[in-house]
Amino acid sequence: MHEPVKFHFNVDGENFSSAGEASVMVKKKLRQLGFPPDVMRRVSIAMYEGEINMVIHADGGSADVTVEDEYIEIVLADKGPGIPNIDLAMQEGYSTARDNIRALGFGAGMGLPNMKKYTDYMHIDTEVGVGTTITMRVNI
Amino acid sequence: MKEYKHSVSLDVSKCKGCTACLKRCPTEAIRIRDGHAVIHSARCIDCGECIRVCSHKAKKATHDPLDKMAEFSFKIALPAPALYGQFDNMDNIGYIIEGLHKMGFDKVFEVARAAELVSAYTRSYLKRDDIPKPVISSACPVISRLISMNYPFLCENIIPLLPPIEVAANIAREEAMEEHPDLKPEDIGVFFISPCPAKVSYVKNGVAGERNAVDYVLSVRDVYFQLIDVMKRIDEPAESTEAGMIGIGWASTGGESSAIFNEHYLAADGIENCIRVLEQIDNEGINNLEYVELNACSGGCVGGAMTVANPYIAQARLQSLKRYLPVSPNRPERDGYIPDAAFSPEMVEYNPYNRLSNNRSEAMRMMAEIESICECLPGTDCGSCGAPTCMAFAEDIVKGETNADECTVNMRMLFHEYLNKRKEGVPADAFPADKIIKRTTPESGDKQ
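Residues numbered from 1 in each chain as written. Chains lettered and ligands numbered in written order. Predicted model: local features only at pLDDT ≥ 70, side-chain atom pairs only at ≥ 80, totals over all residues. Heavy atoms only, no water.

## Here we look at the domain arrangement of chain B
In step 1: With domains assigned, chain B is organised as domain 1 (8–61), domain 2 (66–342) and domain 3 (360–430).
In step 2: Placing a centre on the C-alpha atoms of domain 2 of chain B and another on those of domain 3 of chain B gives a separation of 47 Å. (Domains from an automatic or database assignment.)

So, in structure tokens, the structure goes:
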């Protein structure tokens, strides 16, 4: 048994070009901790998608990663517009991203579906006009 | 895992212990210890960034000296196409081919010729439907090593074909044996003329436990100074290049990619750009991409740390040199054919290098300690402690490679505090020396 290791990141909503950097940092940390490639990949993809979402839709937010004995937990929290219809948002291909974001290659409507696909547990806590907190876990 | 042999080395007597290379190293492989740089062998990818940035000329690319030629009765030169871009006012590659003969080489085989074959094999390989895409070039050894250390899922994307240097060496040897049946294999010495130290390492480390087909690696720079001397004495060269636009194009970024005859490629150069591209491919992929050419050096191979000319000037010269050459005079026996000998006998394997500990619990304890030490550090990433960033410094402390006192920013604060306390009349021995950075070792149980 050991204490969980925690990492905290502020995801900057102002600077689109820095989006995705927190997931790169987490990947490096997981590599140092000796996690197998598969776990590293699932955590970093789920986190990357979430990070991009926060920048596109919510002007950024925070990302907290906790390494527990049994799983790695990622909590992404923002004070953005919230998700009015979660079922619709979870459908592959559904996207509310603006054209300028799509022009960059994002907004394909795969963000939330990928986050679900690559994690073992995902919970979305959202309120329109207040914000969204997504909790994901990848089992070790 | 066997120890990787490097070709970037340090002249300790010239090193001032400044932070130039420390800050530039893309894999954080350098530390300053006892007043000079130390290269961490397991982390070094031989990219040559530290050689380029060192203003004291303390970092060197080790390569083989020209007098190694004396060891063989039959000497073969394999000039990299980047060599052709080094010479000012030279309008015919024949000068170089003939110059190499005058330098004492019995045979010259242009690596650009082998590059054209590799391009043809690559086109055939890309047509297969059972391969992971995007296919990543195997030509730059720095990139292959970087992928093996950091990107487990991209190892299988590296094209399993031998790079042009190896193909050239094999063909040149075979040709020499055919042309001179009395030669014994050990009589033949194959010398690659290299623009970069990474190719030196590539040769030194061999392939799949076997010796490389190249015997020694000379630097473009050494050969350049010999060549300008002999080339002056050639009026009109009788020899000419046997390579075409494609082969010579491999010397600079984009040349290799343009030879796949398909617009779905990405060509990047400069190690930082290459890392960003790899991160993106690893994270979410890049849509509709078939082929990726990554060159650690800016400009491509012409930007290697053992060249003479500026990479962009060299590239401009190559553009005019290849202008009226045929597209690709070197082709495989038949279209779509890849000989077995063109495949690499070993695949790139994942070899993570910066694991804190093989024991997960221990690694987690160390990571927690690193995070808590990092919070007490100034975050200036000044490098004075000998580590490239405050985070790297915290890692070094926890690994026991350095100690917290090396942080000059914190030490200065501590010193001022000490002086103030002394002014107030506090006795010197009452002042705790380890006040700034509390180490959260299990013994102290000081966890926050």
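## A look at the side chain of Ser148(B)
All names here are of chain B.
In step 1: Here serine 148 shows up in helix α5 (residues 141–150).
In step 2: On the accessibility criterion, serine 148 (10% relative accessible area) is buried.
In step 3: Here the side chain of serine 148 touches arginine 145 through a polar contact of 2.7 Å, landing on its backbone oxygen.
In step 4: Among residues more than four places away in sequence, those in contact with serine 148 are Cys155, Val348, Glu349, Tyr350, Asn351 and Pro352. (Helix = DSSP H or I, 4+ residues; strand = E, 2+ residues; numbered from the N terminus. Buried < 20%, exposed > 50% of the residue type's maximum accessible area, 1.4 Å probe, protein only. Polar contact = N/O pair within 3.5 Å; in protein donor to acceptor, adjacent residues only side chain to side chain. Contact = heavy atoms within 4.5 Å.)

## Overview of the sheet that holds strand β3 (residues 71–78) of chain A
Two modes of strand pairing occur in sheets, parallel and antiparallel, and in both the strands are linked by backbone hydrogen bonds.
Residue and element names in this part refer to chain A.
In step 1: Spatially, the five strands line up as an open sheet ordered β1-β2-β3-β5-β4, and their pairing is antiparallel. Since the sheet does not close on itself, it has two edges, and those belong to β1 (5–12) and β4 (121–127), each with one partner. Between one strand and the next, the sheet's axes are offset by a mean angle of 10 degrees, whatever the strand orientation.
In step 2: With seven bridges joining them, β4 and strand β5 (residues 131–139) adopt antiparallel strand pairing. Looking at the pairing, tyrosine 121 lines up with arginine 137 of β5.
In step 3: Sitting on the sheet, helix α1 (residues 21–32) is in contact with β1, β2 (60–67) and β3, with an inclination near 160 degrees to β1.
In step 4: Packed onto the sheet, helix α2 (residues 37–58) meets β1, β2, β3 and β5 and runs at close to 5 degrees relative to β3. (Pairing = 2+ DSSP bridges. Axes fitted to C-alpha atoms, helices over the stretch in contact; angles between N-to-C directions.)

## A short note on the packing of aromatic side chains
All names here are of chain B.
In step 1: On inspection of all chains with the given rule, the structure shows six aromatic pairs over all chains.
In step 2: Taking 5.9 Å as the distance between ring centres and 90 degrees as the angle between the ring planes, the aromatic pair formed by phenylalanine 72 and phenylalanine 191 counts as edge-to-face. In this pair, phenylalanine 72 is assigned in the loop between β4 (59–61) and β5 (74–79) and phenylalanine 191 in strand β8 (residues 188–194), connecting sequence segments 119 residues apart.
In step 3: A relative accessible area of 12% places phenylalanine 72 in the buried class. (Phe/Tyr/Trp six-rings, centres within 6.5 Å; stacked < 30°, edge-to-face > 60°.)

## A look at the pattern of salt bridges
In step 1: Going through the model one piece at a time under the given rule, you end up with 24 salt bridges over all chains.
In step 2: Here Arg41(A) and Asp282(B) are joined by a salt bridge, their closest N and O atoms 3.5 Å apart. Within this pair, whereas Arg41(A) is found in helix α2, its partner Asp282(B) is found in helix α11 (residues 271–283), the two belonging to separate chains.
In step 3: When its relative accessible area of 26% is taken as the criterion, Arg41(A) is described as partly exposed.
In step 4: Judged by its relative accessible area of 6%, Asp282(B) is buried.
In step 5: With a closest N to O distance of 3.4 Å, Glu179(B) and Lys107(B) form a salt bridge. On the criterion of sequence distance, the pair formed by Glu179(B) in helix α6 (residues 164–179) and Lys107(B) in strand β6 (residues 107–108) is long-range, its members being 72 residues apart.
In step 6: Here the salt bridges share partners, and the residues they tie into one network are Lys27(A), Arg41(A), Glu279(B) and Asp282(B). (Salt bridge = Lys/Arg side-chain N within 4 Å of Asp/Glu carboxyl O.)

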